[in-house]
Amino acid sequence: MSETSGQDQAPTSTDTNRALTLVHEGWNHLQLQRPLAAWAAWQRALRFVPEFPQALEALARLESASDLPVAARVEHRFQAPDDPEKRLRWDALIRGGDLEDLAKAADLFASLSIDDPTDVAAWFNRALCLAWIGRNGEAISCLDRVVQLRTADDPEKAVSAWTLAEVLRQGAGAETLADDLRFAWVVPWSDADTPRLINACPTLQKKPSPRDPVSGVPQFPDAQVYEWLDRPMPEPASWLALSDVPRVLATVIITPQSLRLSSPDPLALEQVREPLLHAIGDLERAIVREAAPLPLPLADAAVWTFRRPEALDDETEGRLAREAVEHFYEDLWIHLPRHGLGELSPLQASRAAKAGDPVARTRLSAVVRMREQLGARPRTAILYQGYPFDRLRRRLGLELDTPASVDSEDAACMSEDELDRLELDPLTVPSLAEAYLSAAALGDDRRTARIAAHLVKAPGMETSRVVNPDLFAVLVREALRVDNPGDALQWLERGQATHGGRDRRTYEIWKAEIHARTGDPDAALAQYQAMLSDGGLETSQLLDAVEDLLMNGHAEHARPLLERAHEQAGHEGDPLNIERARNLAREETPDASAHG
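Keep in mind the model is a prediction, meaning the values are calculated, not measured.

On to the overall build of the protein, then. Looking only at helices and strands, the protein has 25 helices and six strands in total. Counting only C-alpha atoms and orienting by the principal axes, one finds that the protein spans roughly 95 × 60 × 55 Å. Residue burial in the protein is summarised as follows: out of 596 residues, 48% are buried. Summarising the internal contacts of the protein: among those between residues at least 6 apart in sequence, 62% fall at separations of at least 24. Here the protein contributes 65 positive and 96 negative side-chain charges, whose respective centroids are spaced 2 Å apart.

Okay, here's the thing in structure tokens:
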């Protein structure tokens, strides 16, 4: 698209009105997260009135919009076919056609792609035309075809095309294809619910109500705003690790009629469901679930759910911010399925690429490039603390852009293959701990157990913070996977000995579960009864024990524990545990009424 029509005569009032209408149309597109359509509208305005100041100002503001990723604000141009024969066919069809009318141009390029389905330039140009008129969903479909055709002969152009698709999927009209969403739950509410929730959830942190940016007046005077943290905020200290600081599970807005929970992480909302219902004591309370694409400037909002205590020194603040970015992308984000990866998670896409799927590699490279562009924006650069996205590329087995930006000895961002090849004998305890955490975040117990076993046997391992029940759980699961319950029990004995009694009850429960799952319900019941005699078990733990015994076909052994759990739940008045006990009683014996 050209910027001007080349007219020398002064524009008519009709032209000026059309140009002004297009300027407004462009701003509307931008509000709907369609920056390419906004750009096209302002370019069309310049064809009616060359040098139209409102259009020039809008284009300049888009070009310098530092809150948008680069792919959303650069100029995208038509591509020409590489093959001379295809160029002749193009000339014959397009000659006399109206490429200034974007809808007609899209149809022309559609005809070319129908006539020759391998004409990648026609597919790309059609995608641009559709994006320029705001038909983002259709444009993404065309770009998908571009990736299929381009990956083999020009992978860089294929990556660029799919990076553009990452921009388009956040816009209006492509909501079902968006990958970065704001999730919300809306719950009917009353004044009596609020104090119960606040008293039952000590990690709710009060926040200021949002104010009108012009008047400064509260926008929602009847609303109370909180952040629901996953743990208490620690005191500021230079030794704090990322595992010490809380994450925001949900932003909570309470009004007289409703409670609204929102988060860019749907799994975080699931963590608050049980404590929410427990706090208000109403298991039947309806929850309306909503989801909507995040605005492009907030597409990386899920990175910023960590909260740090105030009054930290600058060095500790920066270190924790950087660790939060590393942990989010390298340990959490890699597991989230994405439409842009064909419903695979980044880690699954990396495995597909390793297995020989070049399209999976192209898509994954594009998705990472978009995250990199989000991280490079001036407004977020300080938050990312110089995070090099080559760490993420390395984690996913992609080629690095700047290899020198990544420490080759840093196990935290190693790929699966690198961790499998890692020589463990020369490593110190801190290095083994880092390798263990890296492997654990990838989610394969076989890989993780190899490193965990080495760490547990290393001299001085008692000083490592990672030697805890989670580490021994990996070893136990792997021993059970290979049908070796004896080794599983030995690992639990070692865990108890290592901690000198700390987490003793956790290991005892696991022993009972192993007995139940390996055909020794008598030993399992004896273990549970010993714990009941020695300090007791929480009702939820008793119900877990009942469920585990029932799942493994030991209803007779589950019965005395279920009776004890039902008695405790009734005494405590906990509606969730009472309901759970009733449900388990129905599983134990369908016609049972004594427990219900």
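Still to come is the rest of the account.
Taken as a whole and judged by the stated rule, the model has 53 salt bridges. Linking Glu-326 and Arg-322 is a salt bridge whose minimum nitrogen-to-oxygen distance equals 2.8 Å. With Glu-326 and Arg-322 both in helix H11 (residues 314-332), this residue pair falls four residues apart, about one helical turn. On the accessibility criterion, Glu-326 (17% relative accessible area) is buried. Residue Arg-322 is classed as partly exposed on the basis of its relative accessible area, which comes to 23%. Overlapping salt bridges, with partners in common, bring together Glu-166, Arg-169, Asp-179, Asp-180, Arg-338 and Arg-371 in one network.

Leu-36, Leu-143 and Leu-168 are the most contacted members of the largest nonpolar core, which has 58 residues in total. Per-element tally for this core: the top contributor is helix H6 (residues 120-132), with eleven residues. Membership of the second largest hydrophobic core comes to 54 residues, among which are Leu-455, Ala-458, Met-461 and Trp-510.

This paragraph deals with the confidence of the model for the protein. Here the protein averages 91 in pLDDT, while 96% of its residues score no lower than 70. Summarising per-element confidence for the protein, the mean pLDDT is lowest in helix H25 (residues 575-588) (84) and highest in helix H15 (residues 390-395) (98). pLDDT under 50 marks residues 2-7. Its contacts with residues more than four places away, or in other chains, come to 14 contacts. Scored below 50 in pLDDT, residues 592-596 shows nine contacts in the model against residues more than four places distant or in partner chains.

Let us now look at the packing of aromatic side chains. One pass over the structure, following the stated rule, counts 14 aromatic pairs. Aromatic pair Trp-304 and Tyr-384: ring centres 5.0 Å apart, planes at 90 degrees, arrangement edge-to-face. Taken together, the residues span a long stretch of sequence, with Trp-304 in the loop between strand S6 (288-293) and H11 and Tyr-384 in helix H14 (residues 378-384) at a distance of 80 residues. Accessibility expressed as a relative area gives 24% for Trp-304, which makes it partly exposed. Ring centres 4.9 Å apart and planes at 80 degrees place the aromatic pair Tyr-387 and Phe-389 in the edge-to-face group. Grouping residues by exposure puts Tyr-387 and Phe-389 together as buried.

Calculation rules
Residues numbered from 1 in each chain as written. Predicted model: local features only at pLDDT ≥ 70, side-chain atom pairs only at ≥ 80, totals over all residues. Heavy atoms only, no water. Helix = DSSP H or I, 4+ residues; strand = E, 2+ residues; numbered from the N terminus. Buried < 20%, exposed > 50% of the residue type's maximum accessible area, 1.4 Å probe, protein only. Contact = heavy atoms within 4.5 Å. Lys, Arg positive; Asp, Glu negative; His and termini not counted. Charge placed at Lys NZ, Arg CZ, Asp CG, Glu CD. Salt bridge = Lys/Arg side-chain N within 4 Å of Asp/Glu carboxyl O. Core = buried A, V, L, I, M, F, W, Y, C linked by side-chain atoms within 4.5 Å. pLDDT = per-residue confidence, 0-100. Phe/Tyr/Trp six-rings, centres within 6.5 Å; stacked < 30°, edge-to-face > 60°.

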